[in-house]
Amino acid sequence: MTKEMLRILSKSHGVKILDSLNEEPQRFVDLEEICNSSRTRTMRLKEFKSEGLVEAIPKMSCGRAYTFYRLTPTGKRALELAKMIFNLPKRKESSAMEK
């Protein structure tokens, strides 16, 4: 993990947003439950994308185009390291991940 990644993760809602994206890809508006400030969500997602932690995935649903965000493999590793560094509880992985 680079110093820049650690700096971003230590910012407001950094780890919470990544943790939420670790569960499943989400749209910008879905992340409002984690962080109600659209400015903060925009900044964190932009920073995460620039560091290769998150990628934007366009998807069609009911004839409409949506952008979903998901963790990259680097993002998953950074999240696990951040949880250890910041001493946060780990979420129990789903049975699909255990296979």
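Use the structure listed above.
Residues numbered from 1 in each chain as written. Predicted model: local features only at pLDDT ≥ 70, side-chain atom pairs only at ≥ 80, totals over all residues. Heavy atoms only, no water.

Side chains of residues three or four places apart in an α-helix project in the same direction, reflecting 3.6 residues per turn. Among the 10 residues in helix α2 (residues 14–23), 7 count as buried, and that is most of the element. Considered for burial, the residues of α2 that qualify are Gly14, Val15, Ile17, Leu18, Asp19, Ser20 and Leu21. (Buried < 20%, exposed > 50% of the residue type's maximum accessible area, 1.4 Å probe, protein only. Helix = DSSP H or I, 4+ residues; strand = E, 2+ residues; numbered from the N terminus.)

Moving on to unusual backbone geometry. A positive phi angle, near 65°, is found at histidine 13, a position not held by glycine. In this fold, histidine 13 is placed in the loop between α1 (3–9) and α2. Judged by its relative accessible area of 28%, histidine 13 is partly exposed. Despite not being glycine, cysteine 62 has its phi angle at roughly 55°, a positive value. Within the secondary structure, cysteine 62 sits in the loop between β2 (54–61) and β3 (64–71).

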